[in-house]
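Structural description and commentary
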Amino acid sequence: MIRFDAVSKNYPNGTTAVDELSLELAEGGITVLVGPSGCGKTTTLRMINRMVEPTAGTVSLRGRDIREVHAPELRRGIGYVIQHAGLFPHRTILDNIATVPLLLGWSRKKARARAAELLELVGLPSEMAKRYPNQLSGGQQQRVGVARALGADPPVLLMDEPFSAVDPIVRAELQAEFIRLQKELHKTIVFVTHDIDEAIRLGDNIAVFRTGGKLAQFDTPERLLAHPADDFVAGFVGQDRGIRRLSFVKAAEVPLREGPVLPETSPVARARTVDEPWVLVVDEARRPLGWAAVAGLPDTGTLADAPLAPLGHTFSLVGDSARAALDAALLSPSRLAVGVDAEGAVVGVADAYELSAVMAAAEAVAAEAAAGDAGADAPGGGER
Amino acid sequence: MNDLLNQIRLVADWLTSSKQWHGDDGIPHRLLEHLTYSGLSLLFAALIGLTFGLLVGHTGRGAFAVASVANLARAVPTFGLVVLVVTLAGLSTTPVLVALVALAIPPILINTFEGVRGVDPDTRDAARGVGMTEWEVLVRVEVPMALPLILLGLRVAAIQVVATATVAAYPGLGGLGRFIVDGLSRNDYELVIGGSTVVVVLALVVQILFTALRRFVVSPGLRVSASRT
Amino acid sequence: MSDGEPLVRWDWIADHAGELADYTGVHLRLGLLPVVFGLIISVPLGILCHRWRWLYPPVLTVANILYSIPSLALFMIFVRYTGLTERTVMIPLTLYTLSVLVPNVVDGLASVPEPVRLAATAMGFGPIRSVVQVELPIAVPVVIAGVRVAAVSSISLVAVGQLIGQGGLGYYITRGLQLDFPTPIVTAIVLIMLLALATDALLVLAQRLLTPWSRNKVTAA
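Reading the values: the criteria
Residues numbered from 1 in each chain as written. Chains lettered and ligands numbered in written order. Predicted model: local features only at pLDDT ≥ 70, side-chain atom pairs only at ≥ 80, totals over all residues. Helix = DSSP H or I, 4+ residues; strand = E, 2+ residues; numbered from the N terminus. Buried ≥ 20, exposed ≤ 12 C-beta atoms within 10 Å, placed from the backbone. Contact = placed C-beta atoms within 7 Å. Pairing = 2+ DSSP bridges. Axes fitted to C-alpha atoms, helices over the stretch in contact; angles between N-to-C directions. Expected span 1.5 Å × (residues − 1). Nonpolar A, V, L, I, M, F, W, Y, C, P; charged D, E, K, R; others polar. Core = buried A, V, L, I, M, F, W, Y, C linked by C-beta atoms within 7 Å. Arc of directions from axis to C-beta. Parallel < 35°, antiparallel > 145°, perpendicular 65-115°, else oblique. Left-handed = near helix turned anticlockwise from the far one by under 90°. Domains from an automatic or database assignment. pLDDT = per-residue confidence, 0-100.

Check the secondary structure of chain C and you find ten helices and zero strands. Of the regular secondary structure in chain C, the N- to C-terminal order runs α-α-α-α-α-α-α-α-α-α. With respect to the three principal axes, the spread of C-alpha positions in chain C is 75 × 45 × 25 Å. Looking at chain C as a whole, 43% of its 221 residues are labelled buried. A separation of at least 24 residues holds for 73% of the contacts in chain C among residues at least 6 apart in sequence.

Residues and elements named next belong to chain A. Spatially, three strands are ordered 14-15-16 in an open sheet, and the strand pairing comes out mixed. Only two strands of the sheet have a single partner each, and these edge strands are strand 14 (315-316) and strand 16 (346-351). One ladder, built from two bridges, connects strand 14 with strand 15 (residues 336-340); its direction is parallel. Within strand 15, the position partnered with Ser316 by the bridge is Val340. Packing against the sheet, helix 13 (residues 322-331) makes contact with strand 14, strand 15 and strand 16, and its axis sits at approximately 135° to strand 15.

Attention now goes to the sheet that holds strand 12 (residues 278-282) of chain A. Residue and element names in this part refer to chain A. Spatially, three strands are ordered 11-12-13 in an open sheet, and the strand pairing comes out mixed. One side of each edge strand has no neighbouring strand; the edge strands of this open sheet are strand 11 (261-263) and strand 13 (288-293). On average, adjacent strands in this sheet sit at an angle of 35° to one another, irrespective of strand direction. Pairing of strand 11 with strand 12 involves three bridges; the strand directions are parallel. Opposite Leu262, over in strand 12, you have Val281 as the bridge partner.

Here helix 5 (residues 93-117) of chain B is 25 residues long and its end C-alpha atoms lie 36 Å apart, about the 36 Å a rise of 1.5 Å per residue gives. The element helix 5 of chain B is largely enclosed, with a buried count of 19 among its 25 residues.

Moving on: the interface of chain B and chain C. In this complex, chain B contributes 31 residues to the contact, which on the side of chain C involves 33 residues. Breaking the side of chain B that touches chain C down by element, the ones donating at least two residues are helix 3 (63-75), helix 4 (78-89), helix 7 (134-167), helix 8 (177-185) and helix 9 (189-217) of chain B. Counting residues per element, the side of chain B that touches chain C draws most heavily on helix 9 of chain B, which supplies nine residues. Tallied by class, residues from the side of chain B that touches chain C come to 23 nonpolar, seven polar and one charged.

All names here are of chain A. Backbone geometry places Glu20, a non-glycine residue, at a positive phi of 50°. Structurally, Glu20 can be placed in strand 2 (residues 16-25). Overall, Glu20 belongs to the partly exposed group, with 15 C-beta atoms counted inside 10 Å. In this structure, His186 is a non-glycine residue whose phi angle is positive, near 50°. Structurally, the position occupied by His186 is in the loop between helix 7 (168-185) and strand 8 (188-193).

On to the nonpolar core, then. Of all hydrophobic cores here, the largest spans 195 residues; its most connected members are Val82(B), Leu100(B), Ala104(B) and Ile192(C). Of the residues forming this core, the biggest block, 18 residues, is contributed by helix 7 of chain B. Once residues lying within four places of it in the same chain are set aside, the contact partners of Ile192(C) are Pro77(B), Gly80(B), His27(C), Ile155(C), Ser156(C), Ala159(C) and Leu169(C). By size, the runner-up hydrophobic cluster in this structure holds 30 residues, among which are Leu246(A), Val249(A), Val282(A) and Phe315(A).

For the rest of this paragraph, the subject is helix 7 of chain A. Residues and elements named next belong to chain A. Here helix 7 is 18 residues long and its end C-alpha atoms lie 25 Å apart, about the 26 Å a rise of 1.5 Å per residue gives. For helix 7, the full list of buried residues reads Leu174, Phe178 and Leu181. Each buried residue of helix 7 sits inside an arc of 65° when the element is viewed along its axis, so together they form one side. With respect to the buried face of helix 7, the exposed residues turned more than 90 degrees away are Pro168, Ile169, Ala176, Ile179, Arg180 and Lys183. Buried residues belonging to helix 7 abut helix 6 (138-149) and helix 8 (196-202). Phi for His186, located one or two positions after helix 7, is positive at around 50°.

This part takes up the interface of chain A and chain B. Residue-level contacts link 22 residues of chain A with 20 residues of chain B. Mapped onto the side of chain A that touches chain B, the elements with two or more residues apiece are helix 2 (71-76) and helix 4 (99-103) of chain A. It is helix 2 of chain A that provides the largest number of residues to the side of chain A that touches chain B, a total of four residues. Tallied by class, residues from the side of chain A that touches chain B come to ten nonpolar, seven polar and five charged.

For the rest of this paragraph, the subject is the packing of helix 3 of chain B against helix 5 of chain B. All names here are of chain B. In the contact formed by helix 3 and helix 5, the axes pass within 9 Å of each other and the chain directions differ by 140°. Here helix 5 runs oblique to helix 3, going by the angle between their axes. Crossing of helix 3 over helix 5 shows left-handed handedness. In this structure, helix 3 contributes Val66, Val69, Ala70 and Ala73 to the contact, and helix 5 contributes Pro106, Leu109, Ile110 and Phe113. Across the contact of helix 3 with helix 5, the residue classes break down as eight nonpolar, no polar and no charged.

Time to look at the environment of Ile2(A). Residue and element names in this part refer to chain A. Relative to the elements of secondary structure, Ile2 occurs in strand 1 (residues 2-10). Judged by the 22 C-beta atoms lying within 10 Å of it, Ile2 is buried. Here the alpha-carbon distance between Ile2 and Ala226, two residues 224 residues apart in the chain, equals 27 Å.

Further remarks concern the domain arrangement of chain A. In terms of domain boundaries, chain A breaks down into domain 1 (2-247) and domain 2 (252-352). The C-alpha-based centres of domain 1 of chain A and domain 2 of chain A are spaced at 42 Å.

This part takes up the packing of helix 8 of chain B against helix 9 of chain B. Residues and elements named next belong to chain B. Relative orientation of the contacting elements helix 8 and helix 9 amounts to 160°, with a least axis distance of 7 Å. On the basis of their axis angle, the class for helix 8 and helix 9 is roughly antiparallel. As for how helix 8 packs across helix 9, the hand of that crossing is left-handed. Together, Phe179, Ile180, Asp182, Gly183 and Leu184 of helix 8 and Tyr189, Leu191, Val192, Gly194, Gly195 and Ser196 of helix 9 make up the contact between the two elements.

There are two pairs of chains in contact here; the most contacts are made by chains B and C. Between chain A and chain C there is no contact, and the shortest C-alpha to C-alpha distance separating them is 19 Å.

With that settled, consider the environment of Gly57(A). Residue and element names in this part refer to chain A. Examined against the element boundaries, Gly57 turns out to sit in strand 4 (residues 56-61). You can call Gly57 partly exposed: it has 16 C-beta atoms within 10 Å. Linking Gly57 and Leu215, residues 158 residues apart in sequence, is a C-alpha distance of 15 Å. Apart from residues no more than four positions distant in its own chain, Gly57 is found in contact with Phe4, Asp5, Ala6, Val7 and Ser8.

What follows is about the confidence of the model for chain C. Should the pLDDT be low somewhere, the predicted coordinates at that spot are not to be read in detail. The share of residues in chain C with pLDDT of 70 or more is 95%, and the mean pLDDT across the chain is 90. With a pTM of 0.79, the predicted complex shows an ipTM of 0.87.

Here we take up the pairing of strand 15 of chain A. With respect to burial, strand 15 of chain A is a largely interior element, five of its five residues being buried. Hairpin geometry of strand 15 of chain A and strand 16 of chain A is characterised by an intervening segment of five residues between the two adjacent antiparallel strands and by a positive phi of about 90° at Gly344(A).

This is how it looks when you write it as structure tokens:
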């Protein structure tokens, strides 16, 4: 889909932004370019829509050298989202989104109708259509930025640190929204970030760049964590890559046991018979209320009268990963992670030791996959 | 207070006397002269100032020259320049108009330039990124975003031109300044203060015109940001 | 102008050096005192506008309207009250400076970073002490930028005052026209521009001395 052939970008002052990059990006997936600042990831992205012209090599899109296409025309067919959204402050939200359709010569009516659709698609209420960018929050502006990029339904989307300028909570929201959107749209997306967590969360493939514009590794997130190509990648991925790998194990695979779970209507005496230091108190729908320390129970009454320690957090067997389960175990006063189903009812518990078994199983699967891949090419440019 | 009332009565008498409304010495004729000088100079200054301001602002080339011209121009005593032009070229309208144009260009030039250059680089980047040609970037993004400053430049230039056109009566040109200069030389205070009043009214009309223009042509989206900062 | 008359006769300048110096002094006084008066009005007015934002738009509108009135007309309106004196020139010039100085004081105060303002309050500065000792010094660069514009415009505008007999070097402009002799006019124009530019340069220097912290920032950037 997008192909770099020995592409370099050198500046007259002698700096090299990108050095002999060869890379092929598959159609319909999210490729994340990640690396420290000054590694050439943004330059690489901007060479795809000719915002930066390479000094050597060729970039081709669907087999066609992009230099054969007039730059503005090329860009109208490629969505472009940047860090601070770069919305046009003098245009309403609707007209911002309609920018590319209007540039392509659509009628105003048709362009606005399309823009209204997109506004809804990115999850903004229609009454925002008539507002101006300065009246929106950073997160809302960024959604409009994405909607504008989707204006003419381009097959390719370039995103340059689109979620970096917003606070962590909004960022997580935008990321989740982005994943949902991509499931619906199946665009070919090139995404630049300096945040390895974001890369792992969003990427189907990740290209790690090192300072000086060299590609260090191009791989799936799982393999990047399991088999970093060298010390630089290992260091960039972080000390806790072992824990991060748990992100790729579904919580549903975690083996759970029944554990010391009691309804709040149980008499206190019943809790003393469990022979555990902590019991998990649940309501009539088995939703967890909190942990009760057996040593601190009142003499009589039910568990509803007992002082409860907060849960920490639970993990969901439907959406979360084993990483969330481990975190839940570490934060829980009883050192037990509580797994809940879609309705929030307790399914069972597991401690950190039991969770490490999942890790071992995942390790075995990964090793098997690596052995199977040995003969085949790694995606695109591959490891160097 | 009494004095102020007297003055107002004086002006009212002068304005309502019928001889002020007829002939070459009447208000309509002088006003027309004044508007012709000011309008023509502003028009030419705008053509030149806007063209170069947009060009320099968009390309970023020549920024230093523009800043220097603007700085130097502010120091020029307009009165001296107009008198010098008349001394050197004789009493005719064209050379004085050229001087008025020259004086009106710098504020338009520098404000247009600053307005375009001040466009957020992210916004400009996004404009190119969505596929605007350089011309479209200029016309659809940079000019609308620079409009508040462009209008400011035009307003300052207009004020300057109206004021200098008034002073141009001293070396012998027409326009509303005639009333003041003639009144001074004849010790006719009524004429001086009546003429001044007409000049003040004209200045206020210019001011109101630009305020209204700003309201009509500047996007509300830009006003929001202006009120926030 | 008679043919063959040069733009500048140097011997005329040499003959009038002493007189030129006197008029230069007068010109400086007429041009710069209004800026000082303008500052005396604008700083408190700007602080008030900063404190009560609703005050700012009407103040700015009035300042802009005053600025838009041609100087000749404004001089004439004041002649009735202050006669053909220097005050008649300086009062309008003072009023003109407000349209530059008030916004710059307000913008300068707005440029004080919020954490600095909060830190001052947290350390126990009262509102007035905070403005005088913390916020105003930080606003100095923006205020001086306004003073530069005001001073340069004021110096170049003084010449018009000659039409009521108080124009500093403007005297040579009317004199040259009466004599049909360009040398005094050119000399006056050049001297006025030099005065304006020298004042501007001195103000830049003053700012560097007054705000050593911003000077370091400039060299670091």
